[in-house]
Structure formats: C-alpha cells, structure tokens
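# Coordinate analysis (summary)
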Amino acid sequence: TEPPSRAIPVDRSAAHTGRRSFDHWFGEKDRNGFIHRSWMRAQGFSDEVFDGRPVIGICNTWSELTPCNAHLRRLAESVKRGVWQAGGFPLEFPVMSLGETMLRPTAMLFRNLLSMDVEESLRGNPIDGAVLLTGCDKTTPGSIMGAASVDLPTLVVTGGPMLNGKFRGCDIGSGTAVWRFTQDVNAGRMTQEDYAAAESGMSRSNGHCMTMGTASTMACMAEALGLQLTGSAAIPAVDSRRYAIAQQAGQRIVQMVEEDLKPSDILTRDAFANAVRANAAIGGSTNAVIHLLAIAGRVGVKLTLDDMDEWARGVPWLVDLQPSGKYLMEDFYYAGGLPAVLREILPLLKADAITVTGRTIGENVANAERTVDTDVIRAVGNPLGSGAGTAVLKGNLAPDGAVVKQSAASERLLQHRGKALVFSSIEEYDLAVDDMDLEVDEDTVLVLQNAGPRGYPGMPEVGNMTIPRKLAEQGVDDMVRISDARMSGTAYGTVVLHVAPEAAVGGPLALVRTGDWIELDVPGRTLHLDVSEEELAKRRADWQPATVPSDRGWAKLYVNHVTQANEGCDLDFLVGRSGSAVARQSH
Ligand code: FES
Ligand code: MG
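An account of the accompanying structure is given in this report. All values derive from a computational prediction rather than experimental measurement.

## Here we look at the overall build of the protein
- Scanning the protein from N- to C-terminus turns up 20 helices and 16 strands.
- Relative to the compact-globule value of 25 Å for 587 residues, the protein shows a C-alpha radius of gyration of 25 Å, a close match.
- Based on the C-alpha atoms only, the size of the protein along its principal axes is roughly 85 × 55 × 45 Å.
- Looking at the protein alone, contacts between residues at least 24 apart form 79% of all its contacts between residues at least 6 apart.

Laid out in structure tokens, this is it:
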C-alpha cells in the first residue's frame, strides 16, 4: 500500500500576491491550480515552491550546435543556486539557439525567431522574472528583444569568452585569425599544414569568440545598457569567477522581482547612449548598431543612425583588442574589463542610468579598479584614436544610411574615389575572386548587391569580401568594399556595410554598374555615386527585383516583414512591447 502522504497542503486561502506565477498558476484553488501544481510535482518539488515565491525562468540558449553556448547548462546550475538562496523558485527552459558558425544561410535570419520564442515562452509560462543565458552573437540581442517585449524583470548572464587562442607561441583571435590566415594561404605566405594546425589552437576552451567580435561586443552592450551585473562581460567562460557571478545574478533577479525593476525602467534613451559610447571606446562590432536599434524598437525608445553617429563622435578608442587592435578578451578581463573602460569615459556617460544592480551605472563603476594594463585598456589621455567608432554615412548611394567601422579601416582609404566593380551576388564574387585576369586594382571599389535583409535573405556576414587573389599576391591587404550585407564582428578592413535601402528593394545600390565612380568620405560622412540623376532614373526604370526563393515557412514570413538595416531588421509586427498578460486559460 502507499505510504501516507506527508505533503503540506497549499494554503488556498492566501490572498492574491500580485505575483503572476501565483495569482494565475500556482495559487489557484480550482481545477486549473490542481493541474498547474500536480504536473510540476512530477519533478519532485516540495510544497514550498508553490507558496507565492518569485518564479525565475532561466531562459537557456544552450545547444551543442552552438559551441559558444555549450557550457550554459552548467552555468544555469550556478544561477539556480543563487535563486534558491534568495528564496526564489528557478525553472530552466530551452529556447532556440543560434550558432554563428553552423547555421545557414546565416544566424541573423533567425534572430527575430529566437526573440519570438523567448517572448512567448516568458509570457505563456508562470514566470515572474527571467535570467537570459546567452553567448554567441545573435543569442544575446535575440533574447533581450523578446524579454524587452514582455517586460518582466530580466537579467542577462552571458557565457563569457574562450581563453585566448594559441598557435606557435602566439596568441590568435577567433575569426580574425581565420580571415588573416586564409588571406596568407591565398597569397602563398602560409602552408596548408600550418593552416590546419591553427584550427585546434584557436578554439581551445568553452566560450564565445575571444576577439572583440559581435559576441564580446554584445556582452559589453548588455553590461553598458545596464542589463547584466557589473564586471560580467569579460570574465572567461572557464574562469570560476564567471560561475560565481552567475550565482550572484540568481540572487539578484529575485530581488529585482520584489522591486519590480523591469527592462522598461532600464532601457531608456540614456542607456542606449551609454551603450553606443561604450561601443566606440571598446572598438566594438558594427553589428551592435543593428541590434541596439532592434532592442530600442521593442521598448519604444526612438533611436536613429544619426543619434548613434553623434553619440560615438569624439569618444576615445581605448581598448586595443582584435580585430581593430592587438589583444584578446582574456587580456581585457585581466586589465579590468568593461568597468575600467566605463570609469575612464564616465564623464561622457549618462551616469544616472539605472541598472540591474538597482544602482546607477555611475555608482556601479565609480570605484571600479583603474586599468591595470594601460596597453590593453588605454587611459583617456592616451587613446588609440579619437572618434574611431562606427560612422554613419549618407549620400545618394545610401539615402537611409550605411556604416563603416573606423577603427578597423585603413587610414589611407577613409577618403577615397574609385571605380566600381559590381557583383550581384556573393556567389558571383566567389567565382571571380581567384581570377588572375580580373580587371581590378587596389583603387577599385568592390560593390556587392543583394546581400541585405530581404535579398539574401537574412543579411549575412559577407561584406568583408576577400581581397582578389591577383591583388593579395601583390601584397594588397585592404580595399574599399561596399554592400548591403553585414560583416563578422571579428573582421576588419575599409568595409562599408548595411547600405539602406538594400538592393533587393530597389535601393540605389541596385543601380550601380561596373565602371561607375564612387566617392567615400568617412570624415565627411558621405557615400556618393557619381552618376547623374537622369542616368539613375533610366536605370531605375529598367530595374527588375530579383525573385527571392522563400515561398514558405519562416523565410517567407521574414522576407515579407523584415525592416531595413537602419531600423534594426526586426519584423515590422514585432516592434513594440506587448506585456506579460495572458487573457485566457489553457484548460
Ligand atoms: Fe559564436 Fe563567434 S561564433 S561567438
Ligand atoms: Mg559573427
């Protein structure tokens, strides 16, 4: 016979707590309450978990197909410890994961799908507050976008970078080394054997890319926006201090639920100004521009490319990390990480912006340790450059804007006039890149069309087109390249990206022809196609939109609703906040 039940009956007379998990799920007295509790009991939880304590959803982008996030289940255990410690009830759940190196045609195509997964999972479940476990490029912005739309108290815990890559006694950086070594192999400067040997030394621990690529940039953006605990962004994935701070995050999210400190309280226009300035100081990824625009759209903060250009101007570039500079994320952490940078640029920040700590960003970093390695993190008086952040260009070739990362560009090409060599797809370029008869010289401007959000679809990271073999062998290592694509945060060069409107919707980029003159003036912020209005009008009349092969499923929905790069590439119907209320019962 069954042993007598020792269960303590739930106090069904408890008044409403104002806590959604209790009022609408676990505290219900009727049949639905039975259902909500009974099935949770199958996991062996004792009665106390239903007493109205904050339920913390741990939203996990773990996946073995996203190697950068492969350790996040272990990290979740640390968050759970903290939640239990603080009297909360942690429940971990999976959401779609996006692995930058695996997913085709590009992880960016699915960022908004991940955001929808996060949004609906948080809203539809008995959750009072969320911890977002992220790492690889798109997992951080995608998760934040979804959580921002629901607007429950939310705290981000990124997975941390890999240890520095090692090859033949040197440090090598994720992605950046791949671009460089591939160019070296093409130019005959590196053997296939060495190329193969570099592979295993580059990625030698758990974690995301350890250059200042998009993943490290977005981890820093999460911290600068005020969404992750001070000092979190740079801790290596395998450093025990990452696990300790994850436990603290678990404790803090329970308090945040008590305080009702929500993303809409944190993600103000000031928070975005801080993020943009921090991005200029760290030499961060161009992809941050698109992701910040999309996040702002979710919380109803009006943010434009012009704001971002203005905010980044004059910010000293302080962090000497690849791909713009020399060092890697381990060095950055040991030198003081983001708090040391934010302390340096504090006079340029909106110091009163509130953060997940419950304090302002100014209070968080006022007493941060100063940089302990002034080679890696420069002092404000000795920057690597000034106003080297992502610049926004406008002109008849990009009426709605384009971007270029100044710190990753060549000084000599920042003002350049050259003849266009146009490719209508990246595949067409791939066929031409090794052609020794290609009509190209170092002043040529390589133009790539149809790689934008709708055209590809998904706006892949192909904007940093490999230098044509003919020129690479002559030692040419940079050229002006212009496209409606993105580039990897780990890439470098004088690469003009995110041209809007894109070619596939009939933007002027679609009208450029080989032999046209193009003028780039980064200090003047212009991108000009030197072709008369009459001629452009003629070409426009002849222009035929390419058919996009997306007749079903997600790609169809995406192509029909994605906004342009200057608006963040969100789906038009996802912009805005929808809150956490669910009107109807499931049974
Ligand atoms: Fe995942 Fe770079 S590939 S962070
Ligand atoms: Mg990337």
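## Notes on the nonpolar core
- Counting residues in hydrophobic clusters, the biggest one holds 175 residues, and the most contacted among them are Val131, Leu292, Val341 and Val496.
- Not counting residues up to four positions away in its chain, the partners in contact with Val341 are Ala278, Ala281, Ile282, Leu318, Val319 and Ile377.

## Things to note about helix H3 (residues 72-85)
- Between its first and last C-alpha, H3 extends 20 Å over 14 residues, near the 20 Å set by a 1.5 Å rise per residue.
- Listed as buried for H3 are Leu72, Leu75, Ala76, Ser78, Val79, Lys80, Gly82 and Val83.
- In the segment just after H3, Gly87 is the residue with positive phi, at about 90°.

## Some details on the packing of helix H5 (residues 139-150) against helix H12 (residues 287-299)
- Taken N-terminus to C-terminus, the directions of H5 and H12 make an angle of 10°; their axes are 8 Å apart at the nearest point. The pairing of H5 with H12 is recorded here as roughly parallel in orientation. Residues Pro141, Ile144, Met145, Ala148 and Ser149 of H5 lie in contact with H12, whose contacting residues are His291, Ala294, Ile295, Arg298 and Val299.
- Each residue belonging to the contact of H5 with H12 can be placed in one class, and the counts come to 7 nonpolar, 2 polar and 1 charged.

## Thoughts on the sheet that holds strand E4 (residues 154-158)
- On the basis of which strands lie adjacent, the open sheet formed by 4 strands has the order E2-E1-E3-E4 and parallel pairing. A single partner strand is all that each edge strand has here, and the edge strands are strand E2 (89-94) and E4. Averaged over neighbouring strand pairs, the angle between their axes works out to 20° when direction is ignored.
- Pairing of strand E1 (residues 55-60) with strand E3 (residues 129-134), which is carried by 5 bridges, proceeds in the parallel orientation.

## Things to note about helix H4 (residues 111-124)
- Compared with an ideal rise of 1.5 Å per residue, which puts 14 residues at 20 Å, H4 spans 20 Å between its outermost C-alpha atoms and is within 8% of the ideal.
- The buried fraction of H4 is high, at 10 of 14 residues.
- Turning to H4, its buried residues are Arg111, Asn112, Leu114, Ser115, Met116, Asp117, Val118, Glu119, Ser121 and Leu122.
- Looking at the buried positions of H4, the neighbouring elements they touch are E1, E2, E3 and H5.

## Section: the pairing of E3
- Where burial is concerned, most of E3 is hidden: 6 out of the 6 residues are buried.
- Of the two faces of E3, both are covered, the one formed by Gly129, Val131 and Leu133 as well as the one formed by Ala130, Leu132 and Thr134.

## A few points about the packing of helix H11 (residues 269-282) against H12
- Across the interface, H11 lies against H12 with an axial gap of 11 Å and an inter-helix angle of 175°. Relative to H12, H11 is oriented roughly antiparallel. Across from Phe272, Ala275, Val276 and Asn279 in H11, the residues of H12 making contact are Ala288, Leu292 and Ala296.
- Each residue belonging to the contact of H11 with H12 can be placed in one class, and the counts come to 6 nonpolar, 1 polar and no charged.

## A few points about unusual backbone geometry
- Residue Gln322 is joined to Pro323 through a cis peptide bond whose omega torsion reads 10°.
- Relative to the helices and strands, Pro323 is located in the loop between strand E7 (316-317) and helix H14 (329-334).
- For the peptide bond that leads from Ala500 to Pro501, omega is -5°, which places it in the cis range.
- Not every positive phi belongs to a glycine, and Arg168 is a case in point at roughly 50°.
- Structurally, the position occupied by Arg168 is in the loop between strand E5 (165-167) and strand E6 (170-172).
- We note that Arg525 has phi near 65°; this positive angle belongs to a residue other than glycine.
- Topologically, Arg525 is positioned in the loop between strand E15 (517-521) and strand E16 (526-529).

What counts and what doesn't
- Residues numbered from 1 in each chain as written.
- Chains lettered and ligands numbered in written order.
- Predicted model: local features only at pLDDT ≥ 70, side-chain atom pairs only at ≥ 80, totals over all residues.
- Helix = DSSP H or I, 4+ residues; strand = E, 2+ residues; numbered from the N terminus.
- Rg over C-alpha atoms; globule rule 2.2 N^0.38 Å.
- Contact = placed C-beta atoms within 7 Å.
- Core = buried A, V, L, I, M, F, W, Y, C linked by C-beta atoms within 7 Å.
- Buried ≥ 20, exposed ≤ 12 C-beta atoms within 10 Å, placed from the backbone.
- Expected span 1.5 Å × (residues − 1).
- Axes fitted to C-alpha atoms, helices over the stretch in contact; angles between N-to-C directions.
- Parallel < 35°, antiparallel > 145°, perpendicular 65-115°, else oblique.
- Nonpolar A, V, L, I, M, F, W, Y, C, P; charged D, E, K, R; others polar.
- Pairing = 2+ DSSP bridges.

In short, the description is geometric, and any link to function would need to be established separately.
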